[in-house]
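# Structural overview
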Amino acid sequence: MTRSATELTVSRDDTRIARLAAAAIALTVAEAAIPLPLPGVKPGLANIVTLIVLWRYGWRDAAWVSLLRVLAGSLLLGQFLAPGFFLSAAGSVASLLALGAAMHLPRHWFGPVSHSLVAAFAHICGQLAVARLWLVPHDGVFYLAPVFFSAALVFGLSNGLIAAHLLADRSHADRR
Amino acid sequence: MARARLTTWLRYLRAGDLFVLAAAAAACVASFVLLWRGEQPDRAIVRAGGQIVAELPLDRAAELTVDGPLGQTRIEVEPRRARVVADPGPRQYCVRQGWISRGGAVAICAPNQVSLSLNGGGNSHDSLSY
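In this report, we go over the structure that sits alongside the text. As the structure is a computational prediction, the values presented were derived from the model and not from experiment.

With 21 residues of chain B at the interface, the matching set in chain A holds 31 residues. When chain B packs against chain A, the two sides together hide about 2300 Å² of surface, and 76% of this comes from carbon and sulfur. For the interface between chain B and chain A, the tally reads zero salt bridges. Scanning the region where chain B abuts chain A turns up five residue pairs in polar contact (both at pLDDT 80 or more). Of the residues forming the side of chain B that touches chain A, the biggest block, twelve residues, is contributed by helix α2 (residues 15-35) of chain B. Taken together, the residues of the side of chain B that touches chain A break down into 16 nonpolar, three polar and two charged.

Written out as structure tokens, the structure is:
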């Protein structure tokens, strides 16, 4: 085989992030198969991965996994650079910023469920901001906000519980 | 492996989580209350042939008769609602619509070219598609 001119050194961080991002992407694609009543309301199962990564490896890894997931997920679903992609990206950036603040809450009191709820609400706020400023420049978008917030409450709670469960269950595994 | 019962799941909730959960639920309720209350209309606008012929405040009762190509359309206003009482049009859609009370609601008597609409807090669209 011809030797490549550029040598990419793959660090352990890279492989770990790639593996976790792959899990998040798989969840995104699987979730796209679930029929949903309203555009914008979905469980956001991939965020379970982000929560686990944040809890175990910190904010930098969570940001990598989350943004790689948005990018690769949109490519796989044919949504790259479509409005849905920008909504997704805005939601993810908003959640990551909110998580950056929420992760400093004392862990004794605030667990993954808090993180999940904060991230879910920030996600909706980020999406609504982009939708209002750019896609639907009219206050009518806020008419649907209560539905989105309710979805954030339900799925934020359930995703947080699942993340907490996985963290408790496998806290000694996956150490490589 | 133990069955995932409710108590098993509740174990994952820490004290602060309950606080965040309560705050999130409160935010949901507040968003419903604030955003789904609907705009309160403050006046009824009557048009004939596309021209505004009257703007009636919705805080007191009033009656109005408008002339159109077919004859006279009678409009009645009460506090916070308005209706078309009588119209010479053949199908009477605007009359059968009854009282209208939401901001942006319209009763149109097309044959007689008269419309009654409620306005409140800026111009609202009747529909959005995306």
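Having put the structure on the table, let's press on.
Let us now look at the pattern of salt bridges. Side chains that differ in charge, positive against negative, can pair when their charged atoms come close. Taken as a whole, this structure holds ten salt bridges over all chains when the rule is applied. Note that Arg16(A) and Asp13(A) form a salt bridge whose closest N and O atoms lie 3.4 Å from each other. Here Asp13(A) and Arg16(A) lie together in helix α1 (residues 12-32), a separation of three residues that amounts to about one turn. Assessed through its relative accessible area of 17%, Arg16(A) is described here as buried. A salt bridge links Asp59(B) to Arg60(B); the nearest nitrogen and oxygen atoms lie 3.8 Å apart. By the burial criterion, Asp59(B) is exposed, and Arg60(B) matches it. Here the residues in one salt-bridge network are Asp13(A), Arg16(A), Arg60(A) and Asp61(A), joined through shared partners.

Another point: the state of the cysteines. Under the counting rule described, the total for this entry stands at one disulfide over all chains. With its sulfur 2.0 Å from that of its partner, Cys94(B) forms a disulfide with Cys109(B). The disulfide joining Cys94(B) to Cys109(B) has a torsion of about 110° about its S-S bond and is therefore right-handed. Within this pair, whereas Cys94(B) is found in helix α3 (residues 93-96), its partner Cys109(B) is found in strand β6 (residues 106-109), the two being separated by 15 residues in sequence. Look at Cys94(B) and you get buried, because its relative accessible area is 2%. Note on Cys109(B): relative accessible area 1%, which makes it buried. Between Cys125(A), a free cysteine, and Cys28(B), which holds the nearest cysteine sulfur, the sulfur-to-sulfur gap is 11 Å. Cys28(B) sits in the buried class, given a relative accessible area of 5%.

Calculation rules
Residues numbered from 1 in each chain as written. Chains lettered and ligands numbered in written order. Predicted model: local features only at pLDDT ≥ 70, side-chain atom pairs only at ≥ 80, totals over all residues. Heavy atoms only, no water. Contact = heavy atoms within 4.5 Å. Buried area = accessible area lost by both parts, 1.4 Å probe. Salt bridge = Lys/Arg side-chain N within 4 Å of Asp/Glu carboxyl O. Polar contact = N/O pair within 3.5 Å; in protein donor to acceptor, adjacent residues only side chain to side chain. Helix = DSSP H or I, 4+ residues; strand = E, 2+ residues; numbered from the N terminus. Nonpolar A, V, L, I, M, F, W, Y, C, P; charged D, E, K, R; others polar. Buried < 20%, exposed > 50% of the residue type's maximum accessible area, 1.4 Å probe, protein only. Disulfide = S-S within 2.5 Å.

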